[in-house]
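Structure assessment
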Amino acid sequence: MFVAWGPTRTLIYNDYYAEILGNKHPDALGRDFLEVWYEIREQLQPIVSSALRGEPVQMRDIPLMVQRHGYPEQTHFSFFYSPVRGDGLEVEGLFCACTEITAQVLAEQRLAESEARHRDVLNNMDEAFLLLGSDFRVLETNDAASCLIKTEGDMVGKDFGALFSEGGLASVYSMCQRVSASGMPEQLDYSHVSAEQELRWFEARAYKVDAGLAVFVRDITEHKKVAADAADAAERVQLALDAGAIVGTWVWTIPDNRFIADARFAASFGLEEEQCKSGLPLEYVMESIHADDRAKVTMAIEEVMSRGGAYRCEYRVSQRDGCFRWVEANGRVEHDAAGRAVRFPGVLLDIEERRRMESERDQAGTLLRMFTDAVPGVVYAKDRDGRFVVANHGVAELLGLPPEKFLGLTDGDVLADSAQSAAIMATDKRIMDSGVGEQIEEDVMLSDGTPAIWLSTKAPWRDENGNILGLIGSSVDITDRKRMENELRVSEQRFALAMDVAQFGTWVWEPHSGDVHMDLRCRQIVGVDTDEEVVTLDVLSQRIHTEDWPRVEAALQHALQPGSGGSYSEEFRWIHADGQVVWTMARGQVLFESDLPNARPLSMIGTVLDITERRRMVESLEQADRRKDEFLAMLAHELRNPLAPIATAASLLDMVPMDDEASVRQIGGVITRQVSHMTELVDDLLDVSRVTRGQVEVAREPVDIRSVMDAAVEQAQPLIAERGHVLTTQFPDAALVIGDRHRLVQVVANLLNNAAKYTPANGRLQMSIQVQNEQVQLRVTDNGIGMDDALLPTVFELFSQGKRTPDRSQGGLGIGLALARSIVEQHGGTLEATSLGPNLGSTFTMTLPLAATQEMLVQAPSATTGASTALKILVVDDNRDAAEVLAVLLDALGHDVEIAFDGAGAVAIARTEPRWDAFILDIGLPDMTGYELARQLKIAADCSTYIALTGYNQSRDRQKSKAAGFDHHLAKPADFGRLQEILNGIDSIELENSKEIQVTRC
């Protein structure tokens, strides 16, 4: 049996339970019952909780997997748990009578394992076993059954009902009938009067088996007695707890050294109740007595045992909570006839309160001395006249005098500095007169002449009636602290100045609470209310850009991980309440609880800097860099376009007879036009450089804006007509401006050309002039591709262009509008662009000051051998000159050449012939890309070689051509020798594999 007492379920047990504990004994003694049986805690917890709620629990068999011998062991127990109540009738512990029934249960389990061991198991059982047939006749029994069930002769073959028909036995028979019918096992406790007229209790269990029924019967009389004894013991414990003044009783039987005590005694000595109930050696009980009192108690016991009679002794004992309490033990030693001590009963009284009062009385006289000697610094008491009454060693060190030299004297008597002593005594008098304590800083001179600052706490010294007897005080030297405070103040000022100059905000994040403490600048940067010094991270996260928060959160969590170093650095965006976006750079460092690997993070301190302007500068530089790259690529393309027909024409000149005047004139015209185009490109580049830097002087003469419009229309008309646009114009009778006619025509022509280029074929263009408010406004409107919100702010910047398709049908370098705006601004005007969105057209408005007076108007290649075989070749290029010159050159080489200027025409021509030798394709066609055309040609015709001729010649361009199925990739202007070499390698008769050859132009 055992007792688990108190909130920690302290375990006390007898010897039988020690055997159950196995290797856990004796370490289990005094430990938490559930901690001792940690491996089965989950099974025991509900049972213990029920008992501690005041509900007795009895279980006949509970299977438990325990570790008491160093390995897992399946066990079975039968027990009875009973609550034990304290003074206030509250349950303070539990008592358990426990019997291990592992052997019996295992025997039952092994019963069916092997028929060979069947009889041995049955005969070794300490409970009766009967195997019944379906007719309830006994088929088999064991020895225990013969001993338990008295009957004449062997029971085998007899009717079970006849054997179990009297009294409680009949109930067993009824249980067996039920089990036979239901197939469910049952258990029954019953009583029976034996032949010796003794009432005994039995437990019967019946199980359905193949042969019929297996019935087990065991004598549980002792178990019943243990349970009854436990209930009686619990009642006696309850009566003892209700006794009141006595806190324990004991009886020590001296010959067998068995010390038996009640529950209150056990509680007072910090012992287990069950151990005290079953009896302990006196030496074990003595262990609870304070080590300083143990010798005294031993001497008192020896003295009373020698003489017999009354015993009284006061000493301290350890309680279950580890605290010591004073008790008084009163008892009497009984002698036998031979004069030997045989019995020692007694009672225990709690005298803790009395001893406490006595201790306080004894300590009162030394308390002041102990206090003054223990407190660092200066501690003293003065009377109403300021004389020292009490002082510690700190006062002696301060004054440089022994106590006998200054006790009874005033500060004026012992201090050399009269001004210092006068100030101290004036302060003391003020406090004693007012009756109010103060804490002040006092300048003093130490005994070695060193100046110091003391923090003094002084209060009136009153008697028990509240009359002021004097003053008590204490002082500590704070000289070093004041110096460090001043240094810290200077350091903080320097730090604040540095942070202010650097425009940093500071913050502290407490990960466990989520609070973020911010200074004023930090709150301003992140956009929170300047009055909110503390905001939670959850709230702040709502202000961080949704694209940035996952990255910020991950960085914060990583910094909190032990071993990460605790550093944090991120750049991200804040969204202010007014929609403003602020870029910040935040850095922080985690402070961990210790340097251990698994240390807990305490806080993170960090800074935040507004880097919005820096980010804008970086983005502007990156954008400028991108535009530069795009411009260079466009420039290379635009220069290669005229170079292609020029190179072809030059090669053709080497082949055409000099007397073929018509061919020479045609070739010369191509070269002239392409050189003129290149000249315009170069002029535009030079113009934009000079104009944007203010190095071009514009004329200041009266100009009729109508003439400017007419001249611009004349220049743009070929492109407008080529694309099938309709242009309408509206203008007043007269509108004069002061400026440079040539430059203004350049601006308006650029606007018209842009409208024509960026409007799909057969579009509508409109140009109008309006005079109002002393200003002339010229508007060019189209129904073309329009502009989105991203392009509008940058449309007048150098090299800025909208999205292009691979056909590059719009052309240009992205400098025309920048040049136009600079020219207009030099005329004192403005140039603006508007658009409702993509595919909704655009409007450009030029505004110039109206001329003030009516003034005089300003009126406005080497010879190449031919191919070994005539080839069938299709040339596709939207640049007519390039296509025609290349066709003339190939024709001169003896090849049969067809020309197409768009993808649809190329497909139509290809279908007229079943087989082709080469396709030379331009990528930038107006209706489809060269890649798309190549795919269609592969379906429409049989061709052996696909050649790409393009203005782009970077590695990725060649890779793209190869991936599209081209055999060769040539850059414009093409190397005619290389082209001829490719064509010479084509055998037009034996074409085994048809390939697609792409001529790419971007």
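Residues numbered from 1 in each chain as written. Predicted model: local features only at pLDDT ≥ 70, side-chain atom pairs only at ≥ 80, totals over all residues. Heavy atoms only, no water.

An order of E23-E22-E21-E26-E25-E24 is seen for the 6 strands of this open sheet, with the pairing classed as antiparallel. At either end of the open sheet lies a strand with only one pairing partner, and these are strand E23 (534-536) and strand E24 (567-575). Ignoring strand direction, the axes of neighbouring strands in this sheet form an average angle of 30°. Examined bridge by bridge, strand E21 (residues 504-509) and strand E26 (residues 601-610) share 6 bridges and lie antiparallel to one another. Counted as the bridge partner of Val-508 is Ile-605 from E26. Sheet strands touched by helix H22 (residues 549-560): E21, E24, strand E25 (581-592) and E26. Its angle to E24, the strand with the most contacts, is close to 155°. (Pairing = 2+ DSSP bridges. Helix = DSSP H or I, 4+ residues; strand = E, 2+ residues; numbered from the N terminus. Axes fitted to C-alpha atoms, helices over the stretch in contact; angles between N-to-C directions. Contact = heavy atoms within 4.5 Å.)

With that out of the way, let us pick up the packing of helix H29 (residues 903-910) against helix H30 (residues 930-940). Where H29 contacts H30, the two axes come as close as 10 Å, and the packing angle between them is 15°. Comparing the axis directions of H29 and H30 gives the class roughly parallel. Read as a crossing pair, H29 and H30 show a hand that is right-handed. Contacts from Gly-903, Ala-906, Val-907 and Ala-910 in H29 reach Leu-933, Gln-936, Leu-937 and Ala-940 in H30. (Parallel < 35°, antiparallel > 145°, perpendicular 65-115°, else oblique. Left-handed = near helix turned anticlockwise from the far one by under 90°.)

Moving on: the packing of helix H25 (residues 705-722) against helix H26 (residues 741-757). Two elements in contact, H25 and H26, have axes whose closest approach is 8 Å; the angle formed by their N-to-C orientations is 35°. Here H25 runs over H26; the crossing is right-handed. Only Arg-741, Leu-744, Val-745, Val-748, Ala-749, Leu-752, Asn-753, Ala-756 and Lys-757 of H26 make contact with H25, whose side of the interface consists of Ser-707, Val-708, Ala-711, Ala-712, Val-713, Gln-715, Ala-716, Leu-719 and Ile-720. The residue inventory of the contact of H25 with H26, partitioned by class, reads 13 nonpolar, 3 polar and 2 charged. (Nonpolar A, V, L, I, M, F, W, Y, C, P; charged D, E, K, R; others polar.)

Attention shifts here to the pairing of strand E14 (residues 324-335). Summarising the sheet, strand E13 (residues 309-318) and E14 pair through 10 bridges and their orientation is antiparallel. By the bridge assignment for E14, Ala-310 is matched with Arg-332. Counting the residues in the hairpin turn of E13 and E14 gives 5 residues, including Gly-322, whose phi is positive at 90°. Bridge count between E14 and strand E15 (residues 341-350): 7 bridges; the pairing is antiparallel.

Right, let's get into helix H18 (residues 418-434). Between its terminal C-alpha atoms H18 stretches 24 Å, which fits the 24 Å expected from 17 residues at 1.5 Å a residue. Among the residues making up H18, those that are buried are Gln-420, Ser-421, Ile-424, Thr-427, Asp-428, Ile-431 and Met-432. Each buried residue of H18 sits inside an arc of 130° when the element is viewed along its axis, so together they form one side. Turned more than 90 degrees off the buried face of H18, the exposed positions are Ser-418, Ala-419 and Lys-429. (Expected span 1.5 Å × (residues − 1). Buried < 20%, exposed > 50% of the residue type's maximum accessible area, 1.4 Å probe, protein only. Arc of directions from axis to C-beta.)

Per the UniProt annotation, the sites labelled "modified residue: 4-aspartylphosphate" (unreviewed entry) are Asp-922. Among the structural elements, Asp-922 can be located in the loop between strand E36 (915-921) and H30. The buried category is assigned to Asp-922, whose relative accessible area is 0%. (UniProt positions renumbered as here; feature names shortened; annotations may be inferred.)

Cis geometry marks the peptide bond from His-25 to Pro-26, where omega comes out at 10°. Inspection of the secondary structure assignment puts Pro-26 in the loop between helix H1 (15-21) and helix H2 (33-36). Of note in this structure, Arg-9 is not a glycine but carries a positive phi near 55°. Mapped onto the elements of the fold, Arg-9 is located in the loop between strand E1 (2-5) and strand E2 (10-13). The phi torsion at Asn-773 lies on the positive side, around 55°, for a residue other than glycine. Residue placement: Asn-773 occurs in the loop between strand E30 (764-772) and strand E31 (775-782).

Moving on to the pattern of salt bridges. Summed over all chains, the structure comprises 51 salt bridges. Residues Asp-428 and Lys-458 are paired through a salt bridge, measuring 2.6 Å at the closest nitrogen-oxygen approach. With Asp-428 in helix H18 and Lys-458 in strand E19 (residues 451-462), the pair connects residues that are 30 residues apart, well separated along the chain. Grouping residues by exposure puts Asp-428 and Lys-458 together as buried. Residues Glu-442 and Lys-458 are paired through a salt bridge, measuring 3.2 Å at the closest nitrogen-oxygen approach. Of this pair, Glu-442 sits in strand E18 (residues 438-445) while Lys-458 is found in strand E19, placing the two residues 16 residues apart along the sequence. Classification of Lys-458 as buried rests on a relative accessible area of 2%. Counted as one network, the salt bridges with shared partners bring together Arg-60, Glu-127, Asp-189, Glu-203, Arg-205, Arg-218 and Lys-224. (Salt bridge = Lys/Arg side-chain N within 4 Å of Asp/Glu carboxyl O.)

Let us now look at the side chain of His-223. Counting through the fold element by element, His-223 comes out in helix H9 (residues 221-241). The exposure class assigned to His-223 is buried, which follows from its relative accessible area of 15%. When residues no more than four places from it in sequence are discounted, the contact partners of His-223 are Gln-58, Ser-78 and Thr-99.

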